[in-house]
Amino acid sequence: QTCALPIFSEKNIPFQSLTNLKSLDLIEYRKDKKTKNRHLSGKLFAACTMEGNLLQPETYKGVGQLAITEAYLGQLVPQMNDAIYKEAKADFVINNKKIYTDNGRISSDSIDLLTQGWVDFEQNIDFDVMPALKASQMIDTGKVKIDPTPLLTKAVSLKITGTLQKPVKEINTDRKST
């Protein structure tokens, strides 16, 4: 008995993938990759579906989510010395050889960092990072609660460009507060 197998050219090897990472230990990752953050720890969870032609990365399309829990991510913003970041999460889309997010959140007890932007397949990055105070950080005058987040956002929003190996961080001074 014979069966017909599809013939694929080198440029036409379609694929579909479903990837799940469950509880990847960031301490082991840190030891293996020699990260700059000597205290990096936590558990990484990620799920991603993707499809395209295997030898043509420009055809890859997908969606996914990631989360880091039980973590020590460190002090990520020098202007905010008291903020130790302990969690991160984001949904992402894969398209045009880039991984995009518009809802990244890196959390500490006092302040979160909201992120949007992309990393491409060559490891170039372009992210906007905006601080967001927790509800407990609101100023209560007794008559009205004041949210200082817009002022804080204008003062310390960051633009991160460059590459994953050599990020360039600059304070974003042209943001308009909302």
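Residues numbered from 1 in each chain as written. Predicted model: local features only at pLDDT ≥ 70, side-chain atom pairs only at ≥ 80, totals over all residues. Heavy atoms only, no water.

A. Here's a closer look at the environment of Leu 55. Along the polypeptide, Leu 55 turns up in the loop between β2 (41-53) and β3 (56-72). Note on Leu 55: relative accessible area 52%, which makes it exposed. (Helix = DSSP H or I, 4+ residues; strand = E, 2+ residues; numbered from the N terminus. Buried < 20%, exposed > 50% of the residue type's maximum accessible area, 1.4 Å probe, protein only.)

B. The nonpolar core, seen in detail. Within the largest apolar cluster, 18 residues are counted, with the highest numbers of intra-cluster contacts made by Ile 68, Leu 73 and Tyr 85. Mapped onto this core, the elements with two or more residues apiece are β3, β4 (85-95), β6 (111-120), β7 (124-133) and β10 (158-163). Those residues within four positions of Ile 68 in sequence are excluded, and the remaining contacts are Leu 26, Lys 43, Leu 44, Leu 73, Lys 86, Glu 87 and Ala 88. Within the second largest apolar cluster, 5 residues are counted, among which are Phe 15, Cys 48, Phe 92 and Ile 94. (Core = buried A, V, L, I, M, F, W, Y, C linked by side-chain atoms within 4.5 Å. Contact = heavy atoms within 4.5 Å.)

C. Broad picture of the pattern of salt bridges. The full count for this structure, using the stated rule, is 7 salt bridges. The salt bridge partner of Lys 159 is Asp 128, with a shortest N-O separation of 3.3 Å. Taken together, the positions of Lys 159 in strand β10 and Asp 128 in strand β7 put the pair 31 residues apart, joining distant regions of the chain. Given the relative accessible area of 22%, Lys 159 is considered partly exposed. Via salt bridges that share partners, Asp 126, Asp 128 and Lys 159 belong to a single interconnected network. (Salt bridge = Lys/Arg side-chain N within 4 Å of Asp/Glu carboxyl O.)

D. Inspection of the sheet that holds β4 at higher detail. Read from one edge to the other, the open sheet built from 9 strands follows the order β1-β2-β3-β4-β5-β6-β7-β10-β11, with strand pairing classed as antiparallel. Every interior strand has two partners, whereas the edge strands, β1 (14-25) and β11 (167-171), have only one. Across the sheet, the mean angle from the axis of one strand to that of its neighbour is 15 degrees, orientation sign disregarded. Pairing between β1 and β2: 10 bridges, direction antiparallel. Bridge pairing links Thr 19 to Cys 48 in β2. Here helix α1 (residues 26-33) sits on the sheet in contact with β1, β2 and β3, set at roughly 105 degrees to β1. (Pairing = 2+ DSSP bridges. Axes fitted to C-alpha atoms, helices over the stretch in contact; angles between N-to-C directions.)

E. Up close: the environment of Ile 160. Note that Ile 160 resides in strand β10. On the basis of relative accessibility, which here comes to 16%, the residue Ile 160 falls in the buried class. Once residues within four sequence positions are removed from consideration, Ile 160 is found in contact with Ile 125, Asp 126, Phe 127, Val 129, Pro 167, Val 168 and Lys 169.

F. Geometry of unusual backbone geometry. In the Ramachandran plot, Ser 23 falls in the positive-phi region, its phi being about 60 degrees despite a non-glycine side chain. Along the chain, Ser 23 falls in strand β1. Exposure remark for Ser 23: the relative accessible area of 35% places this residue in the partly exposed category. In this model, Gln 123 sits at a positive phi of 75 degrees, which is unusual for a non-glycine residue. On the secondary structure map, Gln 123 appears in the loop between β6 and β7. The class of Gln 123 is partly exposed, set by a relative accessible area of 31%.

G. Summary view of the pairing of strand β5 (residues 98-108). By the bridge criterion, 7 bridges tie β4 to β5 in an arrangement that is antiparallel. By the bridge assignment, Tyr 85 is partnered in β5 with Ser 108. The hairpin turn running from β4 into β5, its antiparallel successor, is 2 residues long, and Asn 96 in that turn takes a positive phi close to 55 degrees. Between the end of β5 and the start of β6, which pair antiparallel, lie 2 residues.

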